[in-house]
Amino acid sequence: MLDKFLDEINKLNIKYLKNDGDYLKIRENELYIYGLSFYNFSFKNYKPKDKALNIIISHYSKNVRDNIDDTMDIIFSGHTHGGQVRFPFFGALLAPGEGYFPKFDKGLKEYKNTQIYIDSGLGNTLMDLRFLNRIQFSNITIKRQ
């Protein structure tokens, strides 16, 4: 199934970043985007530029948090499903891979010298359950200061 998906995105000139990065220039803005594999993740090919906005895309932010360095400007991730079960004013009860009452469950978080954005996503875990936590698809605008 993954092979078919990769064939289709390749036809659209979309590059699959599996433990690999790519440089982009949009107008005068330089971007470096590094895609981290969920299983067998590696930073071996991580080659950020000083003047670029260095973006990490990782299914699970803990893989990045455990290996973070000052060159990483922002990390986009998911995996937690936003905690799936949430309570008003309190937040998530449990998040996959983050345990009970997780700090990194959903939204924009400050971590060391970077920011992590965790999306609650469209799917569920083994349990088909979401409580006070709708599915989410984010449209993000990045502005450099």
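No experiment lies behind these values; they were computed from the predicted model shown. (Residues numbered from 1 in each chain as written. Predicted model: local features only at pLDDT ≥ 70, side-chain atom pairs only at ≥ 80, totals over all residues. Heavy atoms only, no water.)

Undergrad: Quick question: what am I supposed to make of the overall build of the protein here?
TA: For the protein, the count of helices and strands is two helices and nine strands. For the protein, the α and β elements follow one another from N to C terminus as α-β-β-β-α-β-β-β-β-β-β. For 145 residues, the compact-globule estimate of 2.2 N^0.38 gives 15 Å, and the C-alpha radius of gyration of the protein, at 16 Å, lies within 12% of that figure. Here the C-alpha coordinates of the protein stretch approximately 40 × 40 × 30 Å along the principal axes. The 145 residues of the protein split such that 40% are buried. (Helix = DSSP H or I, 4+ residues; strand = E, 2+ residues; numbered from the N terminus. Rg over C-alpha atoms; globule rule 2.2 N^0.38 Å. Buried < 20%, exposed > 50% of the residue type's maximum accessible area, 1.4 Å probe, protein only.)

Undergrad: Would you mind going over the nonpolar core with me for this structure?
TA: Most often, soluble globular proteins keep nonpolar side chains buried together rather than apart. Among the nonpolar cores identified, the biggest contains 15 residues, and Tyr34, Phe43, Tyr46, Ile56, Val64 and Met72 are the most heavily contacted of them. Mapped by element, the contributors of at least two residues to this core are strand 2 (29-36) and strand 9 (114-118). Counting residues per element, this core draws most heavily on strand 2, which supplies three residues. Excluding residues within four positions of it along the chain, Val64 makes contact with Leu36, Phe43, Ile56, Ser58, Met72 and Ile75. (Core = buried A, V, L, I, M, F, W, Y, C linked by side-chain atoms within 4.5 Å. Contact = heavy atoms within 4.5 Å.)

Undergrad: It is not clear to me how a nonpolar patch on the surface should be interpreted in this structure. Could you clarify?
TA: Among the surface-exposed residues, Phe87, Phe90, Leu94, Tyr100, Phe101, Leu129, Phe131 and Leu132 lie close enough to one another that they form a single nonpolar patch of about 850 Å² accessible area. Checked against the element boundaries, Leu94 lands in strand 6 (residues 91-95). (Patch = residues over 30% accessible without salt bridge, like charges linked within 9 Å, V, L, I, M, F, W, Y side chains within 5 Å. Areas by Shrake-Rupley, 256 points an atom, 1.4 Å probe, with all protein chains shown as cover. Salt bridge = Lys/Arg side-chain N within 4 Å of Asp/Glu carboxyl O.)

Undergrad: Please clarify how the sheet that holds strand 6 should be interpreted in this entry.
TA: Strand-to-strand pairing in sheets goes through backbone hydrogen bonds, with the strands running parallel or antiparallel. Reading across from one edge, 5-6-7 is the order of the three strands in this open sheet, with antiparallel pairing throughout. Two strands close off the open sheet at either side, each with one partner strand: strand 5 (85-87) and strand 7 (99-100). Bridge count between strand 6 and strand 7: two bridges; the pairing is antiparallel. When the bridges of strand 7 are listed, Ala95 appears paired with Gly99. (Pairing = 2+ DSSP bridges.)

Undergrad: Any chance you could explain the side chain of Ser77 here in plain terms?
TA: By the element assignment, Ser77 lies in strand 4 (residues 74-77). Contacts of Ser77, omitting those with residues within four sequence positions, involve Ser58, His59, Tyr60, Ser61, Ile116, Tyr117, Ile118 and Asp119.

Undergrad: Can you walk me through unusual backbone geometry in this structure?
TA: With the exception of glycine, the majority of residues adopt a negative phi angle, and the majority of peptide bonds are in the trans configuration. The backbone phi angle of Asn13 is positive, close to 60 degrees, even though this residue is not glycine. Residue placement: Asn13 occurs in the loop between helix 1 (2-11) and strand 1 (20-26).

Undergrad: What's the story with the side chain of Asp119 in this structure? I'm lost.
TA: The topology assignment puts Asp119 in the segment after strand 9. In this structure the side chain of Asp119 is engaged in a polar contact, spanning 2.4 Å, whose partner is the side chain of Ser138. Non-local contacts of Asp119, meaning those with residues more than four positions away in its chain, are made with Ser77, Gly78, Gln136, Phe137 and Ser138. (Polar contact = N/O pair within 3.5 Å; in protein donor to acceptor, adjacent residues only side chain to side chain.)

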